[in-house]
Every structure is written in structure tokens, then in C-alpha cells.
Amino acid sequence: MRTPRIEVDLGKILYNTRQVVQQLKPYGIGVTAVTKAVCGHPDIARAMLDGGAVGLADARIENLERLKHAGISCPLTLIRTPMPSEVSRVIQACDTSYNTELDTIYLLAQSARQAGRVHDIVLMVEMGDLREGIMPGDLQQIVREVMTISGVQLKGIAANFACLNATGPDAAAMAMFSELARHMGQDLAQNRGRNSSGTSKDVAGIFPEIVSGGNSTSLPGFVSFPCEAAQIQPEAVNDLRLGEAILLGVQPLTGAAIKGLFTDAFTLVAEIIEHKVKPIIWTGPVMPRITAQDRPDNGVIPGAGQRRQSILALGYQDTDIRGLTLPSGNRLVGATSDHLVMESDSKTLVVGAEIPLRPNYSALMRAMAAGQIHKVTKNRKPDVAKFHYS
Ligand SMILES: *Cc1c(COP(=O)(O)O)cnc(C)c1O
């Protein structure tokens, strides 16, 4: 097999999706799976759908187009406010987009009318992360205006947490978000002259069809995985947008593993191109002489001031090197655009050996986007009954 490559265990992704879907079901919350960290890879997206995700979302239109062209027919949502220059592609590729700018909504509406379509709008509201979002005080006016624009249909409201700032969702924020959702729902109902815009959620009050309560950082607040108590009443929320929790099985804020989920669905495999004992500090043109028997492969322990080091054919051009976990017994020395230098305790490493590396979110995202890293999927039809984790 070619290296470098990223190996993707589709069965583990399916399993993780199924676990969170089942945990959220009792609360009336569906899962929209977010594919941006895997660049809209169709096989991975299908595993998420097989696991019970009700739709797919991505921040980039190219990734949504990739899903659509692969024949995936579930609802597709653009979760980044569209660029004005891409509105016609948005209309073609997806059913719904998240929006924070009225001017862009007008452009979407115009493009939708030209295409003979109606495009669905979800308004993202600012809840403290201070990245994208309509300020809560401006929401009602925008809601009322969007309802008058033909070519678009206001479908719901969304909140986002802990992307730019490490502000996780708390009970107060969720209560405020629920209130905003309730107000939007009432406006929508009045606008339609009937009682409900069709939420399936059995709660008091009128809510929009989509009330999306955040990303993976919202998950621990809603569900009680074995070790964690649910802290936040979901109230109006009927959707979460989950990427990292499903793909990597961790909580984004802390990096802690979520009990019951696989954290090893992705393995980045790189190849050793050099393996030598070298001085830790370069002291000038006179190098310590290393004889044939002293070669690391022969089991010699490096002397004082030396280390056994391997170069992997992988660098910053491929991934976020700092986001990789090396196999135990290996330590990162440093990296450049095309070389990763690691110090190894092992005496058995040789040139040509493959080294498995575990990527975090940032490393995964960049590896999936890197053209020279091969993407290899496996375990397409897993026997889920046989899954177990420790
Ligand atoms: C990336 C993103 C998500 C998914 O985030 P995860 O932490 O991977 O679950 C959800 N919503 C928005 C708006 C995003 O940009």
C-alpha cells in the first residue's frame, strides 16, 4: 500500500454515530453529521448515515458538491455563512444554508428564484463564542424580514459554541437560546396563520422546524454517557451538528475521550526514509564516527549526547505535525515541510518501516485535505454486534 496514507475504519465511525444517535434520541434530538474534517469524503459520510445521522453538513461548498456528486441524497446543509460570490453554487448543491447576513440571504433568494427553487435558511445566533452569529437583540427584526423574501424559507435557528473561544454551552445560554427559538417559532406561526411550523418536538411552545443546539461541545451537556451526567435540559433543541465526537470520539474542549466511543477510527501511516544515530547537538564538522556494528539496527545504544532518530516522509505540508500522537517509545524531535524527525527507543525500526500515527482534529482535517495523502477506507460492512471497547 502507498504511503503516506490515512486509513479510515468505517465501522468505527458507523458505531460512534449510532451511539450518539441512540443517546440523543430520548431527548428528541437528531444528529446532523458534519463532514468538514474529512472534506466530504463520501464513504465516511455514508457510514455516518448508516449509523443514523439524519443529514450531512459541511462548512465548504466543494465538500457538499462532492457528496452530492457521489449520489448521496440526504439533506445537505452548508453550515458556514455563504460567500456572496458562491450563492448560485449553494442553491444548486444544498437544501439549506446557515446565515447571519441579510444581504447574502437576498442574494440566495434571487439565485433560488432564478433556478426555480426555494432555499431553506437557518439563522445562526450569537451565543457567546463571538465567531459567527446574529446578535440576539437583532434576531427578531431579521426573522420578520426574511419571512417576507420570496425564494427562501426560514426553517430554523442555530447556536454554536466553543469554536473561536472556549465558551462551552451552559444552562443559562441554552435557556436563552430556547427563548429565542420560541420567539422565532411564534413569528413563523403568525406569519403562516396557523399554530405550528411543524416541529416534531413534544414540548410546550411553538418552535421552528430546526432548532440546532451546537456542535460536539454541546454533546456532554445533553447526554449522559456512562461517566457523565446530563447537565442541561435540551428544551427546544431538536438537532446537534456533530463532527469531532463521531469521527474521533473526543470532546473538543478538553480532548478527553467520550466513554463508549472509538477514538481510533483514523490512522495516519508514514514511512521511514532515514534511520540513524545522530548527535543531539551539532558541534561542528567533526561528527562522532559510527561504525557498521554501531548502527542502530544492530542494537547499539546511542552514547551520551546522541539519539537514535528516524525521519518520516511527512511534514507540515501534509498535516498538523503537533497534532499527531506517535507510537509509544517515540518522541517528536521536530518537523519541516516534508520531514518529520522522531527519536525512538526501539532498536528494530528500519528504513521502509511504516509508522502508525494518531491524528487529532487539526491533524485529521489537514491530512484529509492534503492531496498527496492517500485515503484508504476499510471495514465497510462491519459486524457491529462484535464491537467492544475497553
Ligand atoms: C465545525 C462545525 C460544527 C461541527 O463541530 P464539531 O466540533 O466537529 O462537532 C458544527 N457547527 C458549525 C457551525 C461548525 O462550523
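All chains use their own residue numbering, which begins from 1 and follows the written sequence. Two thresholds apply to this predicted model, a pLDDT of at least 70 for residue-level local features and 80 or more for giving and counting side-chain atom pairs, whereas whole-chain, interface and lining totals are computed over all residues. The side-chain values count all of the structure's non-hydrogen atoms but skip hydrogen atoms and water molecules.

As recorded in an unreviewed UniProt entry, the chain goes by Alanine racemase and comes from Kiloniella laminariae. UniProt positions are given in the numbering used here, feature names are shortened, and annotations may be inferred rather than shown by experiment. Taken verbatim from the UniProt record of the chain, the Cofactor (unreviewed entry) comment is "pyridoxal 5'-phosphate".

**Examining helix H5 (residues 102–114)**
The terminal C-alpha atoms of H5 lie 18 Å apart, and with 13 residues this matches the ideal 18 Å at 1.5 Å per residue to within 8%. Regarding H5, the residues found buried are Leu102, Thr104, Ile105, Leu108, Ala109, Ser111 and Ala112. The contact definition used throughout considers only heavy atoms, calling two residues in contact when any of these lie within 4.5 Å. In this description a helix means any DSSP run of H or I spanning at least four residues, a strand means any run of E spanning at least two, and both kinds are numbered starting from the N terminus. Here the buried face of H5 lies against helix H4 (87–93), strand S5 (96–99), strand S6 (119–125), helix H6 (136–146) and strand S7 (152–159). Following H5 by one or two positions, Gly116 has its phi on the positive side, about 70°. Multiplying 1.5 Å by the helix residue count minus one yields the expected span of that helix. The cut-offs for exposure are 20% and 50% of the maximum accessible area for each residue type, with area from a 1.4 Å probe on protein chains only; residues under the lower value are buried, those over the upper are exposed, and the others partly exposed.

**Details of the site of the ligand**
Near the ligand there are 15 residues, and of these Lys36, Ser216, Arg241, Gly243 and Glu244 occur at the shortest range. In the environment of the ligand, an oxygen atom lies 2.7 Å from a nitrogen or oxygen atom belonging to the side chain of Lys36. With respect to the ligand, the backbone of Gly243 contributes an N or O atom lying 2.8 Å from an oxygen atom. Working definition of accessibility: Shrake-Rupley area with a 1.4 Å probe, residue cover restricted to the visible protein chains. For the ligand, the accessible surface in isolation is 390 Å², of which the surrounding protein chains cover 95%. Judged by the fraction of its atoms near the pocket grid, the ligand is located in the largest pocket. Proximity is defined per residue: any heavy atom of the residue falling within 4 Å of a molecule or strand makes that residue near it. N or O atoms within 3.5 Å of each other form a polar contact, as long as, within protein, one can give a hydrogen and the other can take it, and as long as residues adjacent in sequence are counted only when both atoms are side-chain atoms. Site definitions follow a grid-based scheme: protein atoms alone, a 1 Å grid, a 1.4 Å probe that fits but cannot get out for cavities, and for pockets an open set with protein on both sides within 12 Å along at least five of seven lines, plus lining residues having an atom within 4 Å of a point. The rule for placing a molecule in a cavity or pocket is simple: more than half of its atoms must lie within 2 Å of the grid points.

**Examining the pairing of strand S10 (residues 266–279)**
Burial within S10 is extensive, with 10 of its 14 residues counted as buried. Here S10 pairs with strand S15 (residues 354–359) via 4 bridges, running antiparallel. What sits directly across from Glu271, in S15, is Glu354. Strands are treated as partners if at least two bridges between them are detected by DSSP. As judged from the 7 bridges shared by S10 and strand S11 (residues 306–312), these two strands associate in the antiparallel manner. In the sheet register, Glu274 faces S11, and the bridge partner there is Ile311.

**Observations concerning the layout of surface pockets**
Grid points are joined across faces, edges and corners, and a volume is the space filled by probe spheres set on the points. The computed volume of the largest pocket comes to approximately 640 Å³. Val34, Lys36, Arg131, Cys163 and Tyr361 are the residues nearest the centre of the largest pocket, which is lined by 25 residues in total. Classifying every residue of the lining of the largest pocket by side-chain character gives 10 nonpolar, 8 polar and 7 charged. Taken as a whole, the second largest pocket spans an internal volume of roughly 370 Å³. Along the walls of the second largest pocket sit 21 residues, with Thr32, Val54, Pro75, Ile210 and Asp239 positioned nearest its centre. Listing elements by their share of the lining of the second largest pocket, those giving two or more residues are strand S2 (30–34), strand S3 (55–58), S5, S6 and strand S9 (239–242). Of the residues in the lining of the second largest pocket, the class split is 7 nonpolar, 8 polar and 6 charged. Note on residue categories: nonpolar means Ala, Val, Leu, Ile, Met, Phe, Trp, Tyr, Cys or Pro, charged means Asp, Glu, Lys or Arg, and polar means any other residue, Gly included.

**Some remarks on empty space enclosed by the protein**
Taken as a whole, this structure holds 1 cavity of 30 Å³ or more when the rule is applied. By volume, the largest cavity amounts to about 40 Å³. Lining the largest cavity are Met124, Val125, Glu126, Met127, Gly128, Asp129, Leu130, Arg131, Glu132 and Asn160. For the lining of the largest cavity, the per-class residue count stands at 4 nonpolar, 2 polar and 4 charged.

**What about H6?**
Taken together, the buried positions of H6 are Leu139, Ile142, Val143 and Val146. All buried residues of H6 project into a common sector of 110° when viewed along the axis, lining one side. Residues of H6 that are exposed and point more than 90 degrees away from the buried face comprise Gly137 and Gln141. Buried residues along H6 sit in contact with H5, S6, S7 and helix H7 (171–192). Directions from the helix axis toward the C-beta atoms define the arc.

**A look at the packing of H5 against H6**
Here, axes are lines fitted to C-alpha atoms. For helices the fit covers the stretch in contact, and angles between N-to-C directions go from 0 to 180 degrees. With their axes 11 Å apart at the nearest point, H5 and H6 run at an angle of 15° to one another. Relative to H6, H5 is oriented roughly parallel. Pair H5 / H6 crosses with right-handed handedness. Residues Leu102, Ile105 and Tyr106 of H5 form the contact with H6, whose own contacting residues are Ile142, Glu145 and Val146. Residue composition of the contact of H5 with H6, grouped by class: 5 nonpolar, no polar and 1 charged. In what follows, roughly perpendicular refers to angles from 65 to 115 degrees, roughly parallel to angles under 35, roughly antiparallel to angles over 145, and oblique to any angle outside these ranges. Each crossing gets its handedness from the near helix: less than a right angle anticlockwise from the far helix is left-handed, clockwise is right-handed.

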